[in-house]
Amino acid sequence: MSRSAPLAARVLPYALLSPAVVVTLAIVFFPMLQAAWMSLHELILFRPNVMPFVWLDNFAAAFSDEVFWISLRHTGIWIGLTVPLQLLLGLATALLLNRPFWWRPLARALIIIPWALPSVVIALMWSWIYDSNYGALNDFLLRMDILQRSVPWLADPDTALYAIILTLTWQGFPFFAVMILAGLQAIPESYYEAAAIDGAGPWRQFWHITLPGIAGVLVTAILLRVIWVANSIDVIFVMTGGGPGYATYTLPLYAFLKARTNLDYGYGSALAVLFTVMLMAVVVLYLRRTARAVAQ
Amino acid sequence: MIRSRPPALRLLTLHLPMLLIVAFALGPWLWMLVTSLTPQEQLFTTGPSLADATAANYERLFRTVGFGRNLVDSAIVAGGTVIVGLTLSVTAAYAFSRFRFPGRRLLMLQFLLINMFPIVLLILPLFVLMRTLGILNTHVALIVANATVAIPFAIWMMTSYINAIPTELEEAAMTDGCTRLGALVRVILPLCAPGIVATGIYIFITAWNEYLYALTLGGNNVRPITVAIQTLIGEYQVQWGLLTAGGIVGALPATVLFLIVQKRLISGLTQGAVKG
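Residues numbered from 1 in each chain as written. Chains lettered and ligands numbered in written order. Predicted model: local features only at pLDDT ≥ 70, side-chain atom pairs only at ≥ 80, totals over all residues. Heavy atoms only, no water.

A. Structural detail: the overall build of chain B. Counting its secondary structure elements, chain B contains 13 helices and zero strands. Overall, chain B shows an N-to-C arrangement of helices and strands of α-α-α-α-α-α-α-α-α-α-α-α-α. Computed over its C-alpha atoms, the radius of gyration of chain B comes to 23 Å, more than 25% above the 19 Å expected for a compact globule of 276 residues. Each principal axis of the C-alpha atoms in chain B carries an extent, and together these give about 75 × 70 × 35 Å. (Helix = DSSP H or I, 4+ residues; strand = E, 2+ residues; numbered from the N terminus. Rg over C-alpha atoms; globule rule 2.2 N^0.38 Å.)

Printed below as a string of structure tokens:
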């Protein structure tokens, strides 16, 4: 009796966890191993019975594939522009929402709308805004005399990627706003009062109290967002499908299209694995931060 | 921050920029709404306006395009994902919250890690696997695919909700003769019911909005609303009245639910980030 009780107590947490762990092993980790396995094969889905093992040929092919490098460069621009833009707009929004005014609850609720919409709908309505003939953006810029004639925003290789980046900025800035607002509200009011007594103006208060106070939240939110934005391909897929030409290819989109349109699951998997390995650098940073919070 | 500023300055540094940001956030959606209420012919002449507002686009959407079935498919997939996600994660979250055991941190991080993996890395093998198992183009396929996101998310949310419930309550129940599982069912679950509801709703929204899995694994048989909207874009390229009506309908359930639970949800989502 006295021996079995502690044993049961020791086993209990694992028993409680086992359903979730078993299912995620089956539907996440096993498929991932399968993807790694597939990346070492020549696997084209309409030739089902031939699946030769080709070692690292797919990876070698990627490095000499021009589209791989184009996609990689676009992924860099994609993350490098979208995340800072989301961050700046989110920060501005959060700073405004942190001040009391009578319609603050309404503003806070409305700001979140972009976050709640399906990405297909987001892609649809921005395609309408960017429409070269009847779109609101062209109409507005023509009326303001900023443009002389309409620009086909999504059909022009020079503007397509940036047009989608603006769309994604719109989709993602509420997330930053909400996260940063939570961080701002955790800063004690007394810090500002003390600083005001010492004669610090709004700018110095921002640099010496606000920014250090939200630094932790900022880093976490940026890491999360980099991962999210890097992975996000649905908006691009619906808006341009990667085109015109390769103008809006990012690396995960390239992997997806390889499998979807060419049914080349071997090469597609290799691209997905390469992308994941690169992304892991950011993921590890994020996990290390969170691991500290979980430790207690 | 308490000192009062002149009203003109407040208008310039607070109300005006806030209004601009709200307009930016809401503008595209409002524009879509106005377009969907404008008669189709008028879109290419005078442009979208509410002067002759009509529901014609919506009627056409349900009559000729048949959006009804797609809404049902979406509801089945999203509802199924909620059930799978919540049932599998309640006991796991309880274990993480109430026990300290070897491997706890590793297992928790493992669940966090899952959400970071690119969807492309999963979507390709899931397609091949489900094809082999013969469950491609079924609701089950989409529920399983969505569960890859829902389970880890639910576990993290529920763990933080259960953490907020004092242990004394279940200890009292256990000294009164409850087993641990009895205490979980009778004490913990009722107390974190609001959290469970919020988590469930968030899972529902995510599954409802999901597109790539639905496109790849649902085939022609199961076509949730997101896939239907994308097909509309392909078929009715310039009929923006119809397209935007589809967009409004497709986004409505998720948007309404989100506005209802946003407060509780956001406190749960940001808790970890603020502490870490």
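From this point, the discussion proceeds with the structure in view.
B. Just the overall build of chain A, in detail. A tally of helices and strands in chain A yields 13 helices and zero strands. The linear arrangement of helices and strands in chain A, starting from the amino end, is α-α-α-α-α-α-α-α-α-α-α-α-α. For a compact globule of 296 residues, the expected C-alpha radius of gyration is about 19 Å, and chain A comes in at 24 Å, more than 25% above that figure. With respect to the principal axes defined by its C-alpha atoms, chain A has extents near 85 × 75 × 30 Å. For chain A, buried positions account for 56% of its 296 residues. Across chain A, contacts joining residues at least 24 apart in sequence account for 66% of those joining residues at least 6 apart. Accessible area of chain A: about 13,400 Å², with a carbon and sulfur share of 67%. (Buried < 20%, exposed > 50% of the residue type's maximum accessible area, 1.4 Å probe, protein only. Contact = heavy atoms within 4.5 Å. Areas by Shrake-Rupley, 256 points an atom, 1.4 Å probe, with all protein chains shown as cover.)

C. Structural detail: the pattern of salt bridges. Residue and element names in this part refer to chain B. Counted according to the given criterion, the structure contains five salt bridges over all chains. The shortest N-O distance in the salt bridge between glutamate 170 and arginine 98 comes to 2.4 Å. With glutamate 170 in helix H8 (residues 167–175) and arginine 98 in helix H4 (residues 67–98), this pair connects stretches of sequence that are 72 residues apart. For arginine 180, the salt bridge goes to glutamate 170, with nearest N and O atoms at 3.9 Å. Residue arginine 180 is found in helix H9 (residues 180–191), and its partner glutamate 170 is found in helix H8; the two are separated by 10 residues along the sequence. Overall, the relative accessible area of 28% leaves arginine 180 in the partly exposed class. (Salt bridge = Lys/Arg side-chain N within 4 Å of Asp/Glu carboxyl O.)

D. Region of the structure containing the packing of H8(B) against H9(B). Residues and elements named next belong to chain B. Interaxial distance between H8 and H9 falls to 9 Å at its minimum, and their mutual angle equals 140°. Considering the angle they form, H8 stands oblique to H9. Crossing hand, H8 versus H9: right-handed. Between H8 and H9, the contacting residues are Leu169, Glu170, Ala173 and Met174 on the first element and Arg180, Ala183, Val187, Ile188 and Leu191 on the second. Residue classes in the contact of H8 with H9 are distributed as seven nonpolar, no polar and two charged. (Axes fitted to C-alpha atoms, helices over the stretch in contact; angles between N-to-C directions. Parallel < 35°, antiparallel > 145°, perpendicular 65-115°, else oblique. Left-handed = near helix turned anticlockwise from the far one by under 90°. Nonpolar A, V, L, I, M, F, W, Y, C, P; charged D, E, K, R; others polar.)

E. Layout of the confidence of the model for chain B. For chain B, the average pLDDT comes to 85, and 93% of its residues sit at 70 or higher. Across the interfaces of the predicted complex, the ipTM metric reaches 0.86, alongside a pTM of 0.87. (pLDDT = per-residue confidence, 0-100.)

F. Expanded view of unusual backbone geometry. Not every positive phi belongs to a glycine, and Trp55(A) is a case in point at roughly 50°. Backbone geometry at Asn137(B) places phi at a positive 65°, although glycine is not the residue there. As for its placement among the helices and strands, Asn137(B) is situated in the loop between helix H6 (119–133) and helix H7 (139–163). Taking relative accessible area as the criterion, Asn137(B) reaches 28% and is therefore assigned partly exposed.

G. Representation of the environment of Thr24(A) within the structure. Within the secondary structure, Thr24(A) is located in helix H1 (residues 4–39). With a relative accessible area of 1%, Thr24(A) lands in the buried category. In this structure, the C-alpha to C-alpha distance between Thr24(A) and Leu43(A), residues 19 residues apart in sequence, is 25 Å. Among all residues touching Thr24(A), those that are not within four sequence positions of it are Phe29(A), Gln110(B), Phe111(B), Ile114(B) and Ile151(B). Reaching out from Thr24(A), the side chain makes a polar contact with the backbone oxygen of Val21(A) at a distance of 3.0 Å. (Polar contact = N/O pair within 3.5 Å; in protein donor to acceptor, adjacent residues only side chain to side chain.)

H. Quick peek at the interface of chain B and chain A. Taken together, the contact between chain B and chain A spans 96 residues of the former and 99 residues of the latter. Interface of chain B and chain A: buried area, both sides summed, is about 8,800 Å²; carbon and sulfur atoms make up 81% of it. Taken as a group, Met116(B), Leu124(B) and Trp240(B) account for 8% of the area that chain B buries against chain A, more than any other trio of residues on that side. Connecting chain B to chain A are zero salt bridges. Counting the contacts that link chain B with chain A gives nine residue pairs in polar contact (both at pLDDT 80 or more). Grouping the constituent residues of the side of chain B that touches chain A by class yields 70 nonpolar, 17 polar and nine charged. (Buried area = accessible area lost by both parts, 1.4 Å probe.)

I. Quick look at a nonpolar patch on the surface. Taken together, the side chains of Trp37(A), Met51(A), Phe53(A), Trp55(A) and Leu56(A) make up a nonpolar region of the molecular surface, amounting to roughly 590 Å² of accessible area. Inspection of the secondary structure puts Met51(A) in the loop between H1 and helix H2 (57–63). (Patch = residues over 30% accessible without salt bridge, like charges linked within 9 Å, V, L, I, M, F, W, Y side chains within 5 Å.)

J. Quick peek at H4(B). Taking 1.5 Å per residue, 32 residues should reach 46 Å; H4(B) reaches 46 Å between its end C-alpha atoms and fits that length. Along H4(B), the sharpest change in direction is near 35° and occurs at Ser89(B). (Expected span 1.5 Å × (residues − 1). Bend = angle between axes of the 7 residues up to and from the residue.)

K. Spotlight on the state of the cysteines. All names here are of chain B. On inspection of all chains with the given rule, the structure shows zero disulfides over all chains. Cysteine 178 takes part in no disulfide bond, and the closest cysteine sulfur to it belongs to cysteine 192, at a distance of 15 Å. Cysteine 178 gets classed as buried once you look at its relative accessible area, which sits at 18%. (Disulfide = S-S within 2.5 Å.)

L. Quick look at the side chain of Thr244(B). Counting through the fold element by element, Thr244(B) comes out in helix H13 (residues 240–275). Among the polar contacts made by the side chain of Thr244(B), one reaches the main-chain carbonyl oxygen of Gly241(B) at a distance of 3.1 Å. Residues contacting Thr244(B), with those up to four places away along its chain left out, are Leu124(A), Trp128(A), Met32(B), Thr35(B) and Ser36(B).

M. How the structure looks around helix H12 (residues 251–262) of chain A. Residues and elements named next belong to chain A. Here H12 spans 16 Å end to end across 12 residues, near enough to the 16 Å set by a 1.5 Å rise per residue. Counting buried positions along H12 gives nine out of 12 residues, so the element sits mostly inside the fold. Buried residues of H12: Leu251, Pro252, Leu253, Tyr254, Ala255, Phe256, Leu257, Lys258 and Ala259, and no others. Remark: leucine 263 follows H12 within two positions and exhibits a positive phi of approximately 55°.

N. Representation of the environment of Tyr94(B) in the model. By the secondary structure assignment, Tyr94(B) is in helix H4. Judged by its relative accessible area of 1%, Tyr94(B) falls in the buried class. Along the backbone, Tyr94(B) and Val227(B) are 133 residues apart, and their C-alpha atoms lie at a distance of 36 Å. Other than its neighbours up to four places away in sequence, Tyr94(B) contacts Leu16(A), Phe99(B), Ile162(B), Glu170(B), Arg180(B), Leu184(B) and Ile188(B).

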